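Below, each chain spelled out in residue letters.
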Amino acid sequence: MTMDLSVRIGSLELKNPVMTASGTFGYGEEYAEFLDLSRLGAVVVKGLSLLPKEGNPPPRIVETASGMLNAIGLQNIGIQRFIDEKIPFLRTYDTKVIVNFFGDSIDEYVAAAERLSSVEGIHGLEMNISCPNKQAGWCIFGTDPRVTAQVVSAVRKATPLPLIVKLSPNVTDISLMAKVAEEAGADALSVINTLTGMVIDIKTRKPKLANRTGGLSGPAIKPVAVRMVYEVFKAVKVPVIGMGGIMHPDDAIEFLLAGATAVAVGTANFVNPRATIDILDGIMAYMKDEKVEDINLLRGAAHAI
Amino acid sequence: MSRYFKAEIRENRPVHTVHNLLTLNVPLSMPEPRPGQFFMVEVNKGTDPLLKRAFSLFRKTAQGVQILYRIRGKGTEILKDMKEGSEIEVLGPLGTCYPLPSGDTIPLIIAGGIGIASVFSLVEQLSGRATVFYGARTKNDLLMHKELKGFAKEILVSTDDGSAGQKGTIADSLSAFLSRPQSPTPKYRIYACGPHPLLKIVSEIAREFKISANISMEEHMACGIGACLGCVVRTRDGYTRVCKEGPVFEAREIVW
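Just so you know, these numbers come straight off a predicted model, no measurement behind them.

Draft legend 1. Geometry of the overall build of chain B. When its secondary structure is counted, chain B shows five helices and 16 strands. Over its C-alpha trace chain B gives a radius of gyration of 18 Å, about what one expects of a compact globule, namely 18 Å for 256 residues. Viewed in the frame of its principal axes, chain B has a C-alpha envelope of about 60 × 40 × 30 Å. A burial count over chain B gives 56% of its 256 residues as buried. Looking at chain B alone, contacts between residues at least 24 apart form 60% of all its contacts between residues at least 6 apart. In the structure as shown, chain B presents an accessible area of about 11,100 Å², 49% of it carried by carbon and sulfur atoms. Distance from the positive charge centre (33 side chains) to the negative charge centre (26 side chains) of chain B: 3 Å.

Draft legend 2. A look at the environment of B:Gly230. Assignment of secondary structure puts B:Gly230 in the loop between strand S13 (212–216) and strand S14 (232–235). By relative accessible area, which is 0% here, B:Gly230 ends up buried. Taking the C-alpha atoms as reference, B:Gly230 lies 7.6 Å from B:Arg241; in sequence the two are eleven residues apart. Contact partners of B:Gly230, with chain neighbours within four places excluded, come to A:Arg60, A:Ile61, A:Ile72, B:Glu219 and B:His220.

Draft legend 3. The arrangement of the nonpolar core in detail. Counting residues in each nonpolar core, the largest one holds 145 residues, and the members touching the most others are A:Phe82, A:Met127, A:Leu189 and A:Val191. Residue contributions to this core reach at least three from each of two domains, namely domain 1 (4–94) and domain 2 (106–253) of chain B. Setting aside chain neighbours within four positions, we find A:Leu189 in contact with A:Ile164, A:Val165, A:Leu167, A:Ala178, A:Ala181, A:Val232, A:Val236, A:Val238, A:Pro239, A:Val240 and A:Ile241. In terms of nonpolar packing, the next biggest core, distinct from the first, is built from 28 residues, B:Ile116, B:Tyr134, B:Ala136 and B:Cys193 among them.

Draft legend 4. Looking closely at the interface of chain A and chain B. Contacts between the two partners involve 33 residues from chain A and, on the opposite side, 28 residues from chain B. Contact between chain A and chain B buries roughly 2,600 Å² in total, counting both sides, with carbon and sulfur atoms accounting for 62%. At the junction of chain A and chain B, the tally comes to four salt bridges. Among the ionic pairs, A:Glu54 bridges to B:Arg234, the shortest N-O distance being 3.0 Å. In this structure, the connection of chain A to chain B is made through ten residue pairs in polar contact (both at pLDDT 80 or more). Of all elements in the fold, only strand S5 (61–64), strand S6 (67–70) and helix H8 (268–271) of chain A reach the threshold of two or more residues within the side of chain A that touches chain B. Counting residues per element, the side of chain A that touches chain B draws most heavily on S5(A), which supplies three residues. When its residues are assigned to classes, the side of chain A that touches chain B shows 15 nonpolar, eleven polar and seven charged.

How each quantity is defined
Residues numbered from 1 in each chain as written. Chains lettered and ligands numbered in written order. Predicted model: local features only at pLDDT ≥ 70, side-chain atom pairs only at ≥ 80, totals over all residues. Heavy atoms only, no water. Helix = DSSP H or I, 4+ residues; strand = E, 2+ residues; numbered from the N terminus. Rg over C-alpha atoms; globule rule 2.2 N^0.38 Å. Buried < 20%, exposed > 50% of the residue type's maximum accessible area, 1.4 Å probe, protein only. Contact = heavy atoms within 4.5 Å. Areas by Shrake-Rupley, 256 points an atom, 1.4 Å probe, with all protein chains shown as cover. Lys, Arg positive; Asp, Glu negative; His and termini not counted. Charge placed at Lys NZ, Arg CZ, Asp CG, Glu CD. Core = buried A, V, L, I, M, F, W, Y, C linked by side-chain atoms within 4.5 Å. Domains from an automatic or database assignment. Buried area = accessible area lost by both parts, 1.4 Å probe. Salt bridge = Lys/Arg side-chain N within 4 Å of Asp/Glu carboxyl O. Polar contact = N/O pair within 3.5 Å; in protein donor to acceptor, adjacent residues only side chain to side chain. Nonpolar A, V, L, I, M, F, W, Y, C, P; charged D, E, K, R; others polar.

In C-alpha cells form, the structure reads like this:
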C-alpha cells in the first residue's frame, strides 16, 4: 500500500504532518544527535526577537501532575545570531524550517518578520502572540481581538512567507480569535499555546516559579487542546496545526481527527528526545492498519456524525 | 544514539534510610562518563511524574554506571521500588566535567551532603591525591565515607551536631585549612558540590585565597540537553544552562 503523508500549510508543502513545537526543540541542533531531522515535516525553532532576550530568573520550570509549568520568558539569542549561527546548520537538512518570532510592539513584529523574510533556509514564520510569560500589557496581542487583527495584518504585509499565528488558549472564545487571525491574513493557525497556571509551595507559602505563573504543557492539557482544535476547525478555512500534550502517535491522530492538518510535538521532546520520530512511525502504522492511503483523509473525520 | 539508551537495573539497594545506590548495566556504545557529568533517568512509564530525573554520575565500575540518590519526592519514591532486571531509559552522560588538576596542584574537594555523589568519582580518579572536606548533618549521614577513604589522601569531616569530625560546616574547616601558615604556599584547586549556600561560601573562600574553583550547580531541569532553557543559573554571560554549559562551572563565573 502506498501512503501519502504530505500536507499543505498555505503554500508550504510538508513531507509529513509531524512538526516540533516552538520552545521545546531548541534551534534543532540540540536534537540532531538523537534523530534525523530530515525525517520531520518541519522544525519550528525557539521563539526569536530582533534583539536577544535574557528571559526570566529561575526557578523557571516546575513539574505538575502529567505536565509541567514553564516561565522561561522567551530567552533567545536574537534574530541576527540565529541567522549567522543556526541557519547554516539547519539548511543541511531536508526539512522545512519555521521560525517562531515575537516583538514587544507592532513595529517590532513587523521589523522581525521583514528581517526573517530575506533569509535563505527559512520556509515559514510562526507568530507568537500568546506567550503567557510576558508582562500583563503584552498578552493583548493574543487576547484582544482588535489588537490581534492589527498586529497580524501588519505582519502579513511585511512578509511573503507562509504565516502561521499561534493562538492563546487563555481566552473565552478561541474560534473568535481564530477568525480574527484568518481575516487578518494568517495562512494557518497553531492551536494551542500553553495554559497559564500556578503552583504554590506549601512550606514557603510562595509560588514555586520566580515568575509566579507559567505556561502549563504536557498530557494534562491534551483534552483542552483537542477541543479547541475541533472548534477552530469548524470556524476557519485555513489549516490548523494541532498541539498540546502530544506524547504518543494516538494523541497525534486524535488531533488530526479533530481537524488538524499537521501536529506539533512539544513537551514530549523533553521526556523522549526521539518522540517526534516515534510519533511519525506510529502514525504510519495506524494508516497501514486502518488502510488510510492519504493522511488528509483523517482531517476532521471526528466532525462527521 | 549512543547517549540515549535502555539500561537494565543491576542493583538498587538502600545505603542509608533515605538514600539508594542504583547500578545500571549500560551499553558499550555509551561514551565514557567523566566525573561531574550527569544522566537523565526515567523513573516512571506513566505521565505522573512526567520528566526524567537528573542524577550525577556517582561511579563507573565494571558493573556499570552507579547513581547515588536521595529519596525525596514522587520520582525517587517510584525509582526506589524498581526491581533488578527492569529496564529504564537513560540519557547521558551529559554536561561538563570537573577539569583535572595539573600534576603540581593539590586538589581540595568539598562535598556537602548528597554532593558526595558528584565528587566521589573525581576523588577516585585522583587516586590518593585529593584532600576531601566532607560535611553532613550527623555522623549517620556521611554516605560512602568508608569507600571514600580508599581513594582520598585525607578526609576532613564536619557535622552539624559534632557527632563526627569537627562540629560546624566544611566551609569553616576549609577556611581554617587554608589559613594555616605555610611556606611556600602550595598550589591548590578547589572542586565543590553541595547546597547552593555552601557553594557560595566556598566560592568566596576561593576568591579570598586566590584559588581556582569548580563548582557543580543544580537547578530544575526538564530536557537535560539544552533545549528547554529551564535550568539556568545567572553567570557573567547572563542566564546560562546548567545542563549544557554546566553543571560544573568556574566558580568566578557565577553571579550569586
